[in-house]
Amino acid sequence: MPVDTAPEQAAPEQAAPEQAALEQRFQDEIDRDGRIEPRDWMPEGYRRTLIRQIAQHAHSEIIGMQPEGNWITRAPSLRRKSILVAKVQDEAGHGLYLYSAAETLGVDREELLDLLHRGRQKYSTIFNYPTTSWADVAAIGWLVDGAAIMNQVPLTRCSYGPYARAMIRVCKEESFHQRQGFEAMTVLAGGTPAQQQMAQQALDRWWWPALMMFGPSDTESPNSAQSMAWGIKRFSNDELRQRFVDATVPQAQHLGLTVPDPDLRFDGEHWVSGEIDWSEFFTVMRGDGPCNRERMTARVAAHEDGAWVREAAQAYAAKHAVITAAA
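Q: Help me understand the overall build of the protein, please; the structure alone is not making it clear to me.
A: A tally of regular secondary structure across the protein gives 13 helices and two strands. Each principal axis of the C-alpha atoms in the protein carries an extent, and together these give about 85 × 55 × 35 Å. Every one of the 327 residues in the protein was classed for burial, and the buried ones make up 45%. For the protein, the share of sequence-separated contacts (at least 6 apart) that also reach a separation of at least 24 residues comes to 77%. Accessible surface, the protein: about 17,300 Å² in total, of which carbon and sulfur atoms supply 56%. Charge centroids of the protein, computed over 33 positive and 44 negative side chains, lie 5 Å from each other.

If you want it as structure tokens, here you go:
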């Protein structure tokens, strides 16, 4: 007769103090700026918040391969092509790091991908815009990766250890991508009148979507306050957006380009931008952006086409496990 080895449930009057002690230990670790590891006790809300954020981050990395990958065969030189291939490959690697970090929270990678493919999980709205010229690829490197760095560097101090450690390598590579993008924009801005026009038009297209990458103002963001209390986020959306504007406006001026914001002004300390059209952000987030359907169709097709690779890898791993066990 099988023996039930499950631990006895504590009586309600015992469970409450134990739960309170666990919660206090967790909060003490957060307050001392420590790290929560996968085997540590954590509130269910903390776990769910991390899964949502890390999954969205991972999805953004793999969807983000598409706008630039579209230009691999059309890059203006072999040098530019090799740089772009390496960058797109890096983004795939970032997705793998992040899915691995999410799996430490007890969620399956296939489950996350299924949620993405069914529209139940989101990715960054920035990747639902088209890349209509080579200058757009440069602008993505300069602006989109620049905004990503502002968002992601604080995540290297995230309270969840696996996520923080994954972000260290991601940020090093994203920093390189941003420098590549700025260098490409420098060449265009210093080129022929046609190239200068391409650079300006790309800045016009990507400036506002880049500002939207930081998310709505914290007064309208349902997750920011709790994420900051838990040490997942270190700075508010508005603080990070302001840092990006302060860093990027002088770069645009150096390039001889005009930021497409007639209300932009310098108040003596910061560059103050005009009002963001958040209706566009929410339209794209709902799935009605310029490329939402195109991006998801390509993602699902790639996943289905790669099924044989995953099956082969699983078969090899199973065979190798049998050989290892028999040795």
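Q: Looking at this structure, how should I read the side chain of T125?
A: Relative to the helices and strands, T125 is located in the loop between α5 (109-117) and α6 (134-152). Judged by relative accessible area, which is 9%, T125 ranks as buried. Aside from chain neighbours lying at most four places away, what touches T125 is F281, V284 and M285.

Q: Before we go on, may I ask you to explain unusual backbone geometry in this structure?
A: Glycine aside, negative phi is the norm for most residues, and most peptide bonds take the trans geometry. At D33, a position not held by glycine, the phi torsion is positive, near 60°. Structurally, D33 is set in the loop between α1 (12-31) and α2 (44-63). For D33, a relative accessible area of 37% translates into the label partly exposed.

Q: Explain the environment of T132 here, please?
A: When you line up the elements, T132 lands in the loop between α5 and α6. For T132, a relative accessible area of 51% corresponds to the exposed category. Apart from residues lying up to four places away in sequence, T132 is in contact with W71 and R205.

Q: What is the right way to look at the nonpolar core in this model?
A: The nonpolar side chains of soluble globular proteins are, as a tendency, buried together. Formed by 80 residues in total, the largest nonpolar core has its most connected members in Y46, L50, W142, Y160, Y163, M185 and W207. If sequence neighbours within four positions are ignored, M185 has contacts with A135, A138, A139, W142, A199, L255 and L257.

Q: Would you take a moment to explain the packing of aromatic side chains for this structure?
A: For any pair of aromatic rings, the description consists of the separation of the ring centres together with the inter-plane angle of the planes. Scanning the model with the defined rule gives 11 aromatic pairs in all. Taken together, a centroid distance of 6.3 Å and an interplanar angle of 85° make the contact between F26 and W41 edge-to-face. Of this pair, F26 sits in helix α1 while W41 sits in the loop between α1 and α2, placing them 15 residues apart in sequence. When its relative accessible area of 4% is taken as the criterion, F26 is described as buried.

Q: For this particular structure, what's the right way to read helix α10 (residues 237-255)?
A: If you check α10, its first and last C-alpha atoms are 27 Å apart, about what 19 residues at 1.5 Å a residue would give, namely 27 Å. Every buried residue of α10 is accounted for by N237, L240, R241, F244, V245, T248, V249, A252 and L255. Residues of α10 that are buried in the fold lie against α6, α7 (161-189), α8 (193-212), α9 (224-229), β2 (271-272) and α11 (278-288). G256 lies just past α10 and shows a positive phi near 80°.

Q: How do you make sense of the packing of helix α4 (residues 78-103) against α6 when you look at a structure like this?
A: Any two packed helices are characterised by the angle at which their axes cross and by the distance between the axes. Orientation of α4 relative to α6, taken along the N-to-C sense of each, is 45°, at an axis distance of 13 Å. For the element pair α4 / α6, the angle class is oblique. Classified by chirality, the crossing of α6 by α4 is left-handed. Residues R80, L84, K87 and E91 of α4 touch α6, and the partners they reach there are W134, V137, I140, G141 and D145. A breakdown of the residues in the contact of α4 with α6 according to their chemical character gives four nonpolar, one polar and four charged.

The rules behind the values
Residues numbered from 1 in each chain as written. Predicted model: local features only at pLDDT ≥ 70, side-chain atom pairs only at ≥ 80, totals over all residues. Heavy atoms only, no water. Helix = DSSP H or I, 4+ residues; strand = E, 2+ residues; numbered from the N terminus. Buried < 20%, exposed > 50% of the residue type's maximum accessible area, 1.4 Å probe, protein only. Contact = heavy atoms within 4.5 Å. Areas by Shrake-Rupley, 256 points an atom, 1.4 Å probe, with all protein chains shown as cover. Lys, Arg positive; Asp, Glu negative; His and termini not counted. Charge placed at Lys NZ, Arg CZ, Asp CG, Glu CD. Core = buried A, V, L, I, M, F, W, Y, C linked by side-chain atoms within 4.5 Å. Phe/Tyr/Trp six-rings, centres within 6.5 Å; stacked < 30°, edge-to-face > 60°. Expected span 1.5 Å × (residues − 1). Axes fitted to C-alpha atoms, helices over the stretch in contact; angles between N-to-C directions. Parallel < 35°, antiparallel > 145°, perpendicular 65-115°, else oblique. Left-handed = near helix turned anticlockwise from the far one by under 90°. Nonpolar A, V, L, I, M, F, W, Y, C, P; charged D, E, K, R; others polar.

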